[in-house]
Amino acid sequence: AFLEEAYHRFAAGDDSLAGAWREALETATEEGVGTRILQVTSVVTAPENAGALKRDLPEIFVKAARWAGRIAMEQNRFADAESMLHAASQAARTAGDERAEAEVLRALGRLCDLTAKYDEADRHLRAALEIFRRSGSTNDEGHVLIALAALPTNFIDKPDKARSLLRRAQNIHGRTGDRSC
């Protein structure tokens, strides 16, 4: 009932449910990939809602589009993933949300790696790395360094470069105590 009401209200230009949408999106993303997140992201990213949301509630659109892109990527729907992630990246950039932009760029890097577009993957990951570095997000910086090292263009073609990237990541994770890598 909420999704249907919100869909029609957003399509009509009513953003009074913004708080409820933030909560629904947060709850759905905490649950992970499943029916609820698919429902929420499909309403938020629907063409008749997307324009108004990008303009009026960009943080909701960015998060939903990033999740929709991740889900499409996991389902091997790479063209859909690319479309959603580029829309999320543009919306994050327009909104000035560098953290969200870096997260989307990291996802685009992963997508390009999966689709053997290694130069693009490198470009997206380096852009994410720069934003994370500038913002002081050292754990994320370390994770991106690992992703860069794992790209075949580095890991296979330039093993010394890959080792250097991995050492930098190891140093960061050693300083921060992050053991997730």
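Residues numbered from 1 in each chain as written. Predicted model: local features only at pLDDT ≥ 70, side-chain atom pairs only at ≥ 80, totals over all residues. Heavy atoms only, no water.

**A few points about unusual backbone geometry**
Applied cut-off: Helix and strand assignments come from DSSP, with helices taken as H or I runs of at least 4 residues and strands as E runs of at least 2, each series counted from the N terminus. Each residue is placed in one exposure class: buried if its accessible area under a 1.4 Å probe, protein chains only, is under 20% of its type's maximum, exposed if it is over 50%, and partly exposed if it falls in between.
Positive phi is not limited to glycine here, since Asn76 has a value of about 60 degrees. Within the secondary structure, Asn76 is located in the loop between α5 (58-74) and α6 (78-95). The phi dihedral of Ala116 is positive, around 60 degrees, even though this residue is not glycine. Tracing the sequence through the fold places Ala116 in the loop between α7 (98-114) and α8 (118-135). Given a relative accessible area of 47%, Ala116 falls into the partly exposed group.

**Considerations on helix α2 (residues 18-31)**
The α-helix winds at 3.6 residues per turn, so residues separated by three or four positions along the chain end up facing the same way. Threshold: In this scheme, a helix's expected span is set at 1.5 Å multiplied by one less than its residue total. Along the arc lie the directions from the helix axis toward the C-beta atoms.
Taking 1.5 Å per residue as the helical rise, α2 with its 14 residues ought to reach 20 Å, and the 20 Å between its terminal C-alpha atoms agrees with that figure. Restricting attention to buried positions, one finds in α2 the residues Ala18, Trp21, Ala24, Leu25, Ala28 and Thr29. Down the axis of α2, the buried set is contained in an arc of 125 degrees. They therefore lie on one face. Exposed residues lying more than 90 degrees from the buried face of α2 are Glu23, Glu30 and Glu31.

**What about helix α3 (residues 35-44)?**
Of all the residues in α3, the buried ones are Ile37, Val40, Thr41, Val43 and Val44. Seen end-on, α3 carries its buried residues on one side only, within an arc spanning 160 degrees.

**Side note on the pattern of salt bridges**
Let me state the cut-off plainly: By salt bridge we mean one thing: a side-chain nitrogen of Lys or Arg within 4 Å of a carboxyl oxygen of Asp or Glu.
Considering all chains together, one arrives at 14 salt bridges under this definition. A salt bridge links Arg106 to Asp140, with the nearest nitrogen and oxygen atoms 2.8 Å apart. In this pair, Arg106 is assigned in helix α7 and Asp140 in helix α9 (residues 138-150), connecting sequence segments 34 residues apart. The exposure classification of Arg106 matches that of Asp140, with both residues buried. Here Glu130 ties to Arg133 by a salt bridge, and the two come within 3.8 Å at their closest N and O atoms. Of this pair, Glu130 and Arg133 are both found in helix α8, three residues apart, which corresponds to roughly one turn of the helix. Overall, the relative accessible area of 35% leaves Glu130 in the partly exposed class.

**Description of the nonpolar core**
Spelled out, the test is: Working definition of a nonpolar core: buried Ala, Val, Leu, Ile, Met, Phe, Trp, Tyr and Cys residues. They are joined through side-chain atoms within 4.5 Å.
Counting 51 residues, the largest nonpolar core has Val44, Phe61, Leu85 and Leu148 as its most contacted members. Broken down by element, the residue count for this core peaks at ten residues, all from α5.

**Some thoughts on the packing of α6 against α7**
For clarity, the threshold we go by: Helix axes use the C-alpha atoms of the stretch in contact, all axes being lines fitted to C-alpha atoms, and the angles between their N-to-C directions lie in the range 0 to 180 degrees. Note on terminology: angles under 35 degrees are roughly parallel, angles over 145 are roughly antiparallel, angles of 65 to 115 are roughly perpendicular, and the others are oblique. Here a crossing is called left-handed whenever its near helix is offset anticlockwise from the far helix by less than a right angle, and right-handed whenever the offset is clockwise. The contact criterion used is simple: two residues touch if any of their non-hydrogen atoms lie within 4.5 Å. Just so you know the grouping, Ala, Val, Leu, Ile, Met, Phe, Trp, Tyr, Cys and Pro go in nonpolar, Asp, Glu, Lys and Arg go in charged, and all remaining residues, Gly too, go in polar.
Relative orientation of the contacting elements α6 and α7 amounts to 155 degrees, with a least axis distance of 9 Å. Relative to α7, α6 is oriented roughly antiparallel. Relative to α7, α6 is oriented so that their crossing is left-handed. Residues Phe78, Ala81, Glu82, Leu85, His86, Ala88, Ser89, Ala92 and Arg93 of α6 lie in contact with α7, whose contacting residues are Ala100, Glu101, Val104, Leu105, Ala107, Leu108, Leu111 and Leu114. Counted by class, the contact of α6 with α7 contains twelve nonpolar, two polar and three charged residues.

**Describing the environment of Arg55**
Just so we agree on the cut-off: N or O atoms within 3.5 Å of each other form a polar contact, as long as, within protein, one can give a hydrogen and the other can take it, and as long as residues adjacent in sequence are counted only when both atoms are side-chain atoms.
With respect to the element layout, Arg55 can be found in helix α4 (residues 47-56). Residue classification places Arg55 among the exposed residues on the basis of a relative accessible area of 59%. Spatially, the C-alpha atom of Arg55 lies 27 Å from that of Arg77, the residues being 22 residues apart in sequence. Within polar-contact distance, the side chain of Arg55 engages the side chain of Asp56 at 3.0 Å.

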